[in-house]
Amino acid sequence: MKINELKHVPVGYVNTPLEYMPALTKKLGKGKLYIKRDDMTGLALGGNKARKLDYIVKYALDNGYTALMTFGGNQTNHGRLTVAAAIRYGLKPILILKGSKPEYMSGNVLLDRLMGADIYFADTSAADALPEAERNAAKKKFVDACAEKVIAEYAARGEKVLSVPVGGQTVVGSAGYVQAVPEIMRQMEAQGIDAKYLVVGYGSTGTFAGLWAGAKYYNAPFEVIGIPIEPDYRPVAETVDFINELSRTFELGISCKEEDLHIEYGEGENFYGGVGYNEPDHITQDYIELMARTEAIFLDPCYTGKVFHGFVDLVRKGIIPDGESAIMVHTGGAPGLWTKEHLDSMQEKFWADEEKDCVHVMEM
């Protein structure tokens, strides 16, 4: 099937704004810097997964599924949007969250509960005592077993459950980002934007892979650059295989090799992916603050704060050459700012020194 023949349903909004960032551009003094606002896709506070779910939900409806189940960490943005998409189209929402149940409900978990999701916590902490070489495999085996058990329980009740991988990383889901490329190109033409670089997070890689494939298929004028969002990022070889599967599935007629992909990692303390997946770190917080104080745009501590760190560093170092324009893709995730672990971490930085924080108490 050709990509343009693939059907979808409107889960969120497309044609999200492509905005110039004048204050940031002035501060950095190099080129013109833009942001693609996929945090404004509308569904359940927005985010990039809505584009993928347009196609995933259509597949579920066409194939008789009655429930959507997906996976992630406790604060998964993809999980929140999958729950919302399921509700919007009359499907049962199910989440399998890796880790122990938090004592305090916050952030995306609160939103998931407000929407009525069925939540299962797959506590893999027992595997932490295993040697590192065995740990990840043991955790994956346990989560897979939990998923099989949940699917069987719902099947016994007459439900047909579609299991959606972490991040919506399926060829059907990534079609949403292949098709985002002509949207961006139309906006660039309409606004007279000559950007040679498009910077996006490199996580489960469905978004990155879709944009890379779309850029090549539609002969986009920009190169797609990925920024890892955690130290344990997906091997590039797996992303290459996934892009080639995308091409075969939708008859794109393109091919990809490892050397074709442009991933920028940073190094040492300046590694863009931070200290761990969704773990608070002060460097990422610095970049969240920079965006808020230049453009009044809010980033999240798990994904986009790290991507923006990389974006700014590429401009400062000249990897995005001086004078060239570039676009950063904002994939959403702001509810992550209101998770207990990140709020706790930011207290000292933003709320502990009244004079430094410009916070004043005026007593009677």
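Conventions and cut-offs
Residues numbered from 1 in each chain as written. Predicted model: local features only at pLDDT ≥ 70, side-chain atom pairs only at ≥ 80, totals over all residues. Heavy atoms only, no water. Salt bridge = Lys/Arg side-chain N within 4 Å of Asp/Glu carboxyl O. Helix = DSSP H or I, 4+ residues; strand = E, 2+ residues; numbered from the N terminus. Buried < 20%, exposed > 50% of the residue type's maximum accessible area, 1.4 Å probe, protein only. Phe/Tyr/Trp six-rings, centres within 6.5 Å; stacked < 30°, edge-to-face > 60°. Lys NZ or Arg CZ within 6 Å of the ring centre and 35° of its normal. Core = buried A, V, L, I, M, F, W, Y, C linked by side-chain atoms within 4.5 Å. Contact = heavy atoms within 4.5 Å.

K.L.:
When you look at the pattern of salt bridges in this model, what are you seeing that I'm missing?
P.N.:
Opposite charge on two side chains makes pairing possible when the charged atoms of those side chains draw close. Across all of its chains, the model carries 19 salt bridges by this definition. A salt bridge links Arg 37 to Glu 19; the nearest nitrogen and oxygen atoms lie 3.0 Å apart. Taken together, the positions of Arg 37 in strand β2 (residues 33–37) and Glu 19 in strand β1 (residues 18–20) put the pair 18 residues apart, joining distant regions of the chain. Residue classification places Arg 37 among the buried residues on the basis of a relative accessible area of 12%. Relative accessible area serves as the criterion here: at 26%, Glu 19 is assigned to the partly exposed category. As a salt-bridge pair, Arg 51 and Asp 38 come within 2.7 Å of each other at their nearest N and O atoms. Of this pair, Arg 51 sits in helix α2 (residues 49–62) while Asp 38 sits in the loop between β2 and α2, placing them 13 residues apart in sequence. The two residues Arg 51 and Asp 38 agree in class, both being buried.

K.L.:
Help me out: how do you make sense of the packing of aromatic side chains in this one?
P.N.:
Remark: the centre distance and the inter-plane angle together describe each pair of aromatic rings, the angle taken between the planes. A full pass over the atoms with the stated rule returns 9 aromatic pairs. Look at Tyr 20 and Tyr 34: their rings are 5.4 Å apart centre to centre, the planes differ by 45°, and that puts the pair in the tilted class. Of this pair, Tyr 20 sits in strand β1 while Tyr 34 sits in strand β2, placing them 14 residues apart in sequence. With relative accessibility at 7%, the residue Tyr 34 sits in the buried group. A centroid spacing of 5.3 Å and a plane angle of 80° characterise the contact between Tyr 202 and Phe 208, whose relative ring orientation is edge-to-face. Taking relative accessible area as the criterion, Tyr 202 reaches 0% and is therefore assigned buried. When its relative accessible area of 0% is taken as the criterion, Phe 208 is described as buried. An aromatic cluster of three or more residues is present, and its members are Tyr 287, Phe 308 and Phe 311. The ring of Tyr 20 has Lys 32 sitting right over it, with the charged end atom 5.9 Å from the ring centre.

K.L.:
Explanation requested: the nonpolar core in the structure shown.
P.N.:
Across soluble globular proteins, you tend to see nonpolar side chains buried next to one another. Ranked by internal contacts, the top residues of the largest apolar core, which has 41 residues, are Leu 211, Phe 222 and Val 224. Elements that contribute at least two residues to this core include exactly α6 (171–178), α7 (180–191), β7 (195–202), α8 (206–217), α9 (236–249) and β10 (325–330). Considering each element in turn, this core owes the most residues, 6 residues, to α8. The contacts of Val 224, once residues within four sequence positions are left out, are Leu 198, Val 200, Phe 208, Leu 211, Trp 212, Ala 215 and His 262. Grouped together as the second largest cluster of nonpolar side chains are 28 residues, Val 199, Ile 227, Phe 308 and Leu 314 included.

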